[in-house]
Amino acid sequence: MPTVHRFKTISAFHEFRNFPKPAHPLFSMINVGEMPPGDFPDEELIVQDFYLIALKRGFTAKMKYGQQVYDFDEGIMAFMAPGQVFSIGPKNGEMKQSGWMIYIHPDFLWNTPLANKIKQYEFFDYAVNEALFLSEKEEATIGSIIEHIAQEYNNPIDRFSQDIIVAQLEVLLTYAERFYQRQFVTRKVSSHQLLTRLEEQLNNWFMAQKGLPSVKEISAALHVSPNYLSGVLKSITGKSTLQHIQDKVIAVAKEKLSTTDMSVSEIAYELGFDYPQTFSKLFKAKTAVSPLEFRQSFN
């Protein structure tokens, strides 16, 4: 069994990684270019009870997250929420890394608007192979904000420190959200491939008569997080995963209504609805006619 290291405090993680003691118990910044790279054996898993924002270049070790691997050979940002599991393998060759790691304990954000807002940023839950790749200009923008945060972090703590850092973090995350949307647009090929895989998965699901799939089940079958899947779908179709599932349900229902003698109730149950009324309500909301009215239009 892999060894699992769980860190409830930022200070404990700093000690584990031989980093300097954090200047603040609930918030820290590491300039990775100034730190020894170290190695994590593959069998060791890391769980942190705090947020991580990373911007790195030249990090030659491989990070495993969500059963996938990625590297930091390009300017790239990654985001992790508390409780997520990852591991870092041995470095591959000489390590000439640069960039920053920012650790934020949820208690640092307590009683600030960002305490709730940070949970709404979908990229903290993204599949790791969709980390944020930055253009040179975007990396300069992010780097400038991080430098401002670092300057405040290294100043003596006063009653303004937390508010200033939190305000800068919100700016940083807002830019990250903008750049993610740009990435969705510029990486249409991979996005459309995911849409194709979704259609195939839904077709196979209903052909196997597995009932009504949930967003979580479909996302798991595609090996991406629910938030990430909905983010991609909305960027290229304007519809969420749930809307795509509902559209497929209606398409299958129309086929059965027009080509079989199955009753509306039988169709509803076969599609996974507990109550035929729920199916009929969804069908009418999507088509403006009831299932029976749709069937009668073919007679």
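Residues numbered from 1 in each chain as written. Predicted model: local features only at pLDDT ≥ 70, side-chain atom pairs only at ≥ 80, totals over all residues. Heavy atoms only, no water.

A.B. asks: Kindly report on the environment of Asp274, identifying the contributing residues and their values.
C.D. replies: Summarising the element assignment, Asp274 is placed in the loop between helix H9 (264–270) and helix H10 (276–287). Along the primary structure Asp274 and Leu212 are separated by 62 residues, whereas in three dimensions their C-alpha atoms are 9.7 Å apart. (Helix = DSSP H or I, 4+ residues; strand = E, 2+ residues; numbered from the N terminus.)

A.B. asks: Break down unusual backbone geometry for me, with residues and values.
C.D. replies: With a phi angle near 60°, Asn18 is a residue other than glycine that sits in the positive phi range. The residue Asn18 is located in the loop between helix H1 (10–16) and strand E2 (27–31) in this model. For Asn18, a relative accessible area of 64% gives the class exposed. If you check the backbone angles, Ala288 has positive phi at about 70° while not being a glycine. The residue Ala288 is located in the loop between H10 and helix H11 (291–296) in this model. By relative accessible area, Ala288 is classed as exposed at 59%. (Buried < 20%, exposed > 50% of the residue type's maximum accessible area, 1.4 Å probe, protein only.)

A.B. asks: I'd like a rundown of the packing of helix H8 (residues 241–259) against H10, residues and numbers included.
C.D. replies: The geometry of H8 relative to H10 is characterised by a closest axis approach of 10 Å and an angle of 100° between their N-to-C directions. With respect to H10, the axis of H8 lies roughly perpendicular. Note on element contacts: H10 touches H8 through Phe279, Leu282, Phe283, Lys286 and Thr287, opposite Gln243, Gln246, Asp247, Val249, Ile250, Ala253, Lys254 and Leu257. Here the contact of H8 with H10 is built from residues that sort into 7 nonpolar, 3 polar and 3 charged. (Axes fitted to C-alpha atoms, helices over the stretch in contact; angles between N-to-C directions. Parallel < 35°, antiparallel > 145°, perpendicular 65-115°, else oblique. Contact = heavy atoms within 4.5 Å. Nonpolar A, V, L, I, M, F, W, Y, C, P; charged D, E, K, R; others polar.)

A.B. asks: So what's going on with the pairing of strand E4 (residues 51–57)? Which residues, and what values?
C.D. replies: Where burial is concerned, most of E4 is hidden: 6 out of the 7 residues are buried. Two strands pair when backbone bridges link them, and E4 and strand E9 (residues 98–104) are joined in this way by 7 bridges, in the antiparallel orientation. Within E9, the position partnered with Arg57 by the bridge is Ser98. (Pairing = 2+ DSSP bridges.)

A.B. asks: Which residues make up the packing of aromatic side chains, and what values do they have?
C.D. replies: Centre distance and the angle of the planes are the two values used to describe a pair of aromatic rings. Under the definition given, this model contains 13 aromatic pairs. Arranged with centres 5.2 Å apart and planes meeting at 80°, the rings of Phe7 and Phe13 form a pair that is edge-to-face. Overall, Phe13 belongs to the buried group, its relative accessible area being 3%. Judged by centre distance (4.9 Å) and plane angle (50°), the ring pair of Phe7 and Phe16 falls under tilted. Feature note: the residues Phe7, Phe13, Phe16, Phe19, Phe50 and Tyr103 constitute an aromatic cluster, connected by ring pairs. (Phe/Tyr/Trp six-rings, centres within 6.5 Å; stacked < 30°, edge-to-face > 60°.)

A.B. asks: Could you give me a rundown of the sheet that holds strand E7 (residues 76–80), with the residues and numbers involved?
C.D. replies: Taken in spatial order, the 5 strands make up an open sheet running E2-E9-E4-E7-E10, and their pairing is antiparallel. Pairing within the sheet leaves two strands with one partner each, and these edge strands are E2 and strand E10 (132–133). Looking at chain direction, E2 and E9 are connected through 5 bridges and run antiparallel. Residue Ile30 lies in a different strand from E9, and its bridge partner there is Met101. Contacts from helix H3 (residues 136–153) reach E2, E4, E7, E9 and E10 within the one sheet, and its direction differs from that of E2 by about 125°.

A.B. asks: Run through the nonpolar core, naming residues and quoting values.
C.D. replies: Counting 34 residues, the largest nonpolar core has Phe27, Ile53, Phe79, Phe124, Leu169 and Leu172 as the members making the most contacts within it. Of all the secondary structure elements, the ones that give two or more residues to this core are E2, E4, E7, E9, H3 and helix H4 (161–186). Sorting elements by how many residues they give to this core places H4 first, with 8 residues. Those residues in contact with Leu172 that lie beyond four places of it in its chain are Ile53, Met77, Ile102, Ile142, Ile145, Ile146 and Ile149. (Core = buried A, V, L, I, M, F, W, Y, C linked by side-chain atoms within 4.5 Å.)

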